[in-house]
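This is what each chain is made of:
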Amino acid sequence: MGILTTAVWLIDAVRPDPAVLAEAGALLRKGKLVAFPTETVYGLGANALDAEAVGALFAAKGRPADNPLTLHLAGVESLTPYVAEIPAAAAGLMEIFWPGPLTIVFKSAGILPRAVTGGLDTIAARIPAHPVALGLIRAARIPVVAPSANLSGRPSPTTAAHVLDDLAGRIHIVLDGGPTPIGIESTVLDLTGKSPVILRPGAVAKEEIAAVVGVAAETIREAFTERNADWLRSRLILVEGPAGPAAQEIVRLYERFALENKTAGIVTRKERVSNYPGPVVGCGRAGDARSAAAGIYAALRQLENMDVILVESAPGDFEPVVRERLRRAAFQVIGVRDAR
Ligand code: AMP
Ligand code: MG
C-alpha cells in the first residue's frame, strides 16, 4: 500500500525545535501518520478524533482491527473527556508515573471513533515523558493514538531506522530523535475491575505499582495479552546461567547448527563478544540491565535473517521483565549451571 516516500525529519531529543514540532503537529491534526520517539519505543501517531486517520493507521501497521489503540495525551486535563471515571487508584498512579511509561486502562466515555478501541467499552491512555512525544502532542492540540511503529507481529522499533524498515512508504513522516532511552514497552495496567490487572509487563515494575496503590505485589494479577514476539518463536533459543557455562553451551549449539548448514547468530553483552565465533551482537554491558533492555530489540532485528538466534542470559544481564519477554519469545529455554 505504498502511500508515498516517507520523510525523515531529524529532531533533537532533549530540546526539540518548536517549528518542527508545530509542522509535524499540524500534519497529525490533518490526518497524516507521523512516527515519533517516546521514552519506551517509537510510536506511530494518528489523530484519535479522525476515524479515517485511525483506519489508515491500522492499515499501515497491518494491525488486526480488534487490537485496541492507546491514547497519548500531553496533560491529565485532556483525559477527562474520554473516560467515564478516574478511579482513586488511577489518580495516585497518574500523579507518580505520568508523564512516563505506564499505560492505564479506564472505562471509556465512548466519544472516540469506534475503531480506536475496536468496539471495547474501555480505553487505554498514557502521557509520554519524551520531549519529542510530549511536544508533538501538545503542538498537535488533539489526542493522539500511538501504537508502536512496527508492522503488526514484529518487534517494537527503538530507532528511526527500525521504523523505516517496517513502514517506509506506508507513513508520512518519522521524527528521528535517536534511539529510545528505555527500549521496552510501557506497562499496561487495567483499572476497570475490582482489583488492578497487568495486561502487559513493561517499563514500570509490578512492585512499583503495588507500592503506590498500597497493596502487596502478589495481589496484582498478570494476564499477559501481547503477542508481539510471534515473529521470533521459530528461531530464538535462550541460554540462561552463569556466563562461562552459558558460553560453552552456546558455542556447542553454534557448532551443531553449522554442521546442519544452519546459520546462527549470537546475542551477548558487549564485553563478551570476543568469547564467540560467527555473527555476534553485543547488547548492553554486563551487570547493566538497563543498557541491555535498551538494545535488545535492535540486536534481535540485526540477526533476524539467521536461522537461529542464541541469546546469552547470565544473572543480572536482563531485567526480569525483559527476561520474561525473551522466555515467551523463545522456542527453547536452556538452563546451564557451573560445573562442579
Ligand atoms: P501498542 O499498540 O504496541 O502500543 O501496545 C498497546 C497495548 O495496549 C496492546 O497490547 C493493546 O492490546 C493494549 N491495549 C490498548 N487499549 C486497550 C484496552 N482498552 N484494553 C486492554 N488493552 C488495551
Ligand atoms: Mg506494539
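The rules behind these values
Residues numbered from 1 in each chain as written. Chains lettered and ligands numbered in written order. Predicted model: local features only at pLDDT ≥ 70, side-chain atom pairs only at ≥ 80, totals over all residues. Heavy atoms only, no water. Pairing = 2+ DSSP bridges. Helix = DSSP H or I, 4+ residues; strand = E, 2+ residues; numbered from the N terminus. 1 Å grid on protein atoms, 1.4 Å probe; cavity = no way out; pocket = protein on both sides within 12 Å on 5 of 7 lines; lining within 4 Å. Points joined across faces, edges and corners; volume = space filled by probe spheres on them. Salt bridge = Lys/Arg side-chain N within 4 Å of Asp/Glu carboxyl O. Contact = heavy atoms within 4.5 Å. Core = buried A, V, L, I, M, F, W, Y, C linked by side-chain atoms within 4.5 Å. Buried < 20%, exposed > 50% of the residue type's maximum accessible area, 1.4 Å probe, protein only. Expected span 1.5 Å × (residues − 1). Polar contact = N/O pair within 3.5 Å; in protein donor to acceptor, adjacent residues only side chain to side chain. Axes fitted to C-alpha atoms, helices over the stretch in contact; angles between N-to-C directions.

Undergrad: With reference to specific residues and values, describe the sheet that holds strand 9 (residues 187–190).
TA: Spatial strand order, 1-8-2-3-7-4-6-5-9-10-11: eleven strands in an open sheet with mixed pairing. At either end of the open sheet lies a strand with only one pairing partner, and these are strand 1 (7–10) and strand 11 (221–222). Here two bridges tie strand 3 (residues 42–47) to strand 7 (residues 144–145), and the two strands are oriented antiparallel to one another. Pairing of Asn47 across the sheet is with Val144, part of strand 7.

Undergrad: I'd like to hear about the layout of surface pockets, residue by residue, with values.
TA: Empty space within the second largest pocket amounts to approximately 300 Å³. In terms of lining, the second largest pocket is formed by 16 residues, of which the most central are Ala205, Lys206, Glu207, Pro320 and Val321.

Undergrad: Before we move on, can you summarise the pattern of salt bridges with the specific residues and values?
TA: All told, the structure shown has 16 salt bridges when counted by the stated rule. Of the charged contacts, one joins Asp317 and Arg272 as a salt bridge, the two residues approaching to 2.7 Å between their closest N and O atoms. On the criterion of sequence distance, the pair formed by Asp317 in the loop between strand 15 (308–313) and helix 9 (320–329) and Arg272 in the loop between strand 13 (264–268) and strand 14 (280–282) is long-range, its members being 45 residues apart. Connected via shared salt-bridge partners are Arg154, Asp166, Arg301 and Glu304.

Undergrad: Can you lay out the environment of Pro179 for me, pointing to particular residues and giving the numbers?
TA: Relative to the assigned elements, Pro179 resides in the loop between strand 8 (173–176) and strand 9. In the structure, Pro179 is positioned 142 residues away from Pro37 in sequence and 7.8 Å away in space, judged by C-alpha atoms. Look past the residues within four positions of Pro179 in its chain and what remains in contact with it is Thr158 and Thr159.

Undergrad: How would you explain the nonpolar core if you had to name every residue and give the values?
TA: In summary, soluble globular proteins display a tendency toward joint burial of nonpolar side chains. Core analysis: the largest hydrophobic core is formed by 46 residues, its most contacted members being Leu71, Trp98, Leu102, Phe106 and Val145. For this core, the secondary-structure elements that each account for two or more residues are strand 3, helix 2 (51–61), helix 3 (88–97), strand 5 (102–107), strand 6 (122–126), helix 5 (160–167) and helix 6 (206–213). At five residues, the largest contribution of residues to this core is made by helix 2. Setting aside residues up to four positions removed in sequence, Trp98 forms contacts with Val76, Leu79, Leu93, Ile104, Phe106, Ala125, Arg126 and Ile127. In terms of nonpolar packing, the next biggest core, distinct from the first, is built from 23 residues, Ala299, Ile309, Ala329 and Ala330 among them.

Undergrad: Summarise helix 1 (residues 18–29); cite the residues concerned and give the values.
TA: The terminal C-alpha atoms of helix 1, which comprises twelve residues, lie 16 Å apart, in line with the 16 Å expected from a rise of 1.5 Å per residue. Packing partners of the buried residues in helix 1 comprise strand 1, strand 2 (34–37), strand 3, helix 4 (131–140), strand 7 and strand 8. In this structure Asp17 caps helix 1, since a side-chain oxygen of it lies 2.9 Å from the backbone nitrogen of Ala19. In the segment just after helix 1, Gly31 is the residue with positive phi, at about 105°.

Undergrad: A description of the sheet that holds strand 13 should follow, citing residues and the corresponding values.
TA: The strand order across the open sheet built from five strands is 14-13-15-12-16, with neighbouring strands paired in parallel fashion. Both outer strands of the open sheet, strand 14 and strand 16 (332–335), are each paired with one neighbouring strand and no more. Each adjacent strand pair in this sheet contributes to an overall mean axis angle of 20°, direction not counted. Looking at chain direction, strand 13 and strand 15 are connected through four bridges and run parallel. Bridge pairing in strand 15 places Val267 opposite Val311. Each of strand 12 (236–240), strand 13, strand 14 and strand 15 is contacted by helix 8 (residues 289–302), which is oriented at about 165° to strand 13, the strand it contacts most. On the sheet, helix 9 packs against strand 12, strand 15 and strand 16 and is oriented at approximately 135° with respect to strand 12.

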